[in-house]
Amino acid sequence: AQSVTQPDIHITVSEGASLELRCNYSYGATPYLFWYVQSPGQGLQLLLKYFSGDTLVQGIKGFEAEFKRSQSSFNLRKPSVHWSDAAEYFCAVRDTGFQKLVFGTGTRLLVSP
Amino acid sequence: DARVTQTPRDKVTEMGQEVTMRCQPILGHNTVFWYRQTMKQGLELLAYFRNRAPLDDSGMPKDRFSAEMPDATLATLKIQPSEPRDSAVYFCASGSGQGEETQYFGPGTRLLVL
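Residues numbered from 1 in each chain as written. Chains lettered and ligands numbered in written order. Predicted model: local features only at pLDDT ≥ 70, side-chain atom pairs only at ≥ 80, totals over all residues. Heavy atoms only, no water.

Helix and strand content of chain A: 0 helices and 12 strands. Order of helices (α) and strands (β) in chain A, N terminus to C terminus: β-β-β-β-β-β-β-β-β-β-β-β. Its C-alpha atoms give chain A a radius of gyration of 13 Å, near enough to 13 Å, the size a compact globule of 113 residues would have. Split into buried and exposed, the 113 residues of chain A put 50% on the buried side. Excluding contacts between residues fewer than 6 apart, the proportion of contacts in chain A whose partners are at least 24 apart in sequence is 53%. (Helix = DSSP H or I, 4+ residues; strand = E, 2+ residues; numbered from the N terminus. Rg over C-alpha atoms; globule rule 2.2 N^0.38 Å. Buried < 20%, exposed > 50% of the residue type's maximum accessible area, 1.4 Å probe, protein only. Contact = heavy atoms within 4.5 Å.)

Structure representation (structure tokens):
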């Protein structure tokens, strides 16, 4: 069965600094990968997705993620974090044959002044 | 701006009461998903539908939970009777059901069972 690991429960980054959130997946074939963001009290908003092709994908709000098959990773990055980026970030994998999303446990991002 | 809508946004009820949560998927989407989010379990899939037919409800406690799609614009999740351990945020998501599908989430229903 597919699984997703987000090893960092909390990360604190200074405003303006760069950010990398880690995500590792377990899946036998080529996965469909997603990053979602959840602000307090809100639903999940899609940041970006990877299905195939270019392994570096661009998303909304200045985020990008790189798919590395050899490392089974799909890390999320942003070159300069803004205070409004403080939220919880979820990585997810979807079976190519079925629709179910399997989520990681999430990483809570705190942005310090 | 097409969105998934969910009602109610918040629900407080007493143990043993019936709870009904509603979801309106994005127009034209034919897959609907129900997820539950708790601190302990994180985000977990309860059930999903394609073209109004249930395809997978293995994540749902069958004795008290039921999910239906009376029509293409409405999905419901019912809990009867509710228990304190059902307290969670319940999210509905919809997708186009086509190949490289993306799921779009609603704002969630925050349920508290006392």
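Counting from both sides, the interface comprises 19 residues of chain A and, opposite them, 18 residues of chain B. Buried area between chain A and chain B, both sides added, is near 1600 Å², and the carbon and sulfur share of it is 53%. Its largest share of buried area at the contact with chain B, chain A owes to Leu44(A), Gln99(A) and Phe103(A), together 33% of the area lost on that side. Inspection of the chain A/chain B interface yields 0 salt bridges. (Buried area = accessible area lost by both parts, 1.4 Å probe. Salt bridge = Lys/Arg side-chain N within 4 Å of Asp/Glu carboxyl O.)

To continue, consider the sheet that holds strand S1 (residues 5-7) of chain B. All names here are of chain B. Reading across from one edge, S1-S3-S8-S7 is the order of the 4 strands in this open sheet, with antiparallel pairing throughout. This sheet does not close on itself; its edge strands, each paired only once, are S1 and strand S7 (65-71). Each neighbouring strand pair of the sheet contributes to a mean axis angle of 20 degrees, computed without reference to strand direction. When strand S3 (residues 19-24) meets strand S8 (residues 74-79), the two strands line up antiparallel, connected through 5 bridges. Counted as the bridge partner of Arg22 is Thr76 from S8. (Pairing = 2+ DSSP bridges. Axes fitted to C-alpha atoms, helices over the stretch in contact; angles between N-to-C directions.)

Turning to the packing of aromatic side chains, a few remarks are in order. Each aromatic ring pair is characterised by the separation of its centres together with the angle its planes make. Per the stated rule, a full pass over the model turns up 16 aromatic pairs over all chains. Ring geometry for Phe90(A) versus Phe103(A): centroids 6.3 Å apart, planes at 90 degrees, classification edge-to-face. Taken as a pair, Phe90(A) in strand S10 (residues 87-94) and Phe103(A) in strand S11 (residues 101-103) lie far apart in primary sequence, 13 residues in all. Accessibility classification places Phe90(A) together with Phe103(A) in one group, the buried group. The structure contains a cluster of three or more aromatic residues connected by ring pairs, namely Tyr32(A), Phe34(A), Tyr36(A), Phe51(A), Phe90(A), Phe103(A), Phe33(B), Tyr35(B), Tyr48(B), Phe91(B) and Phe105(B). (Phe/Tyr/Trp six-rings, centres within 6.5 Å; stacked < 30°, edge-to-face > 60°.)

Moving on, we get to the pairing of S8(B). All names here are of chain B. Inspection of the sheet shows S7 paired to S8 by 5 bridges, in the antiparallel sense. Paired with Ala67 across the two strands is Leu77, which belongs to S8. Once S7 ends, the chain turns through 2 residues before running back antiparallel as S8.

Moving on, we come to the pattern of salt bridges. Residue and element names in this part refer to chain B. Per the counting criterion, the structure on display carries 11 salt bridges over all chains. In this structure, Glu83 engages Arg85 in a salt bridge whose closest nitrogen and oxygen atoms are separated by 2.5 Å. On the basis of relative accessible area, Arg85 is assigned to the exposed category, the value being 60%. Members of the salt-bridge network, linked through shared partners, are Arg64, Glu83, Arg85 and Asp86.

Moving on, we come to the environment of Thr30(A). Residues and elements named next belong to chain A. Relative to the helices and strands, Thr30 resides in the loop between strand S4 (24-26) and strand S5 (32-38). Look at Thr30 and you get partly exposed, because its relative accessible area is 29%. In this structure the C-alpha to C-alpha distance between Thr30 and Arg94, which are 64 residues apart in sequence, comes to 9.8 Å.

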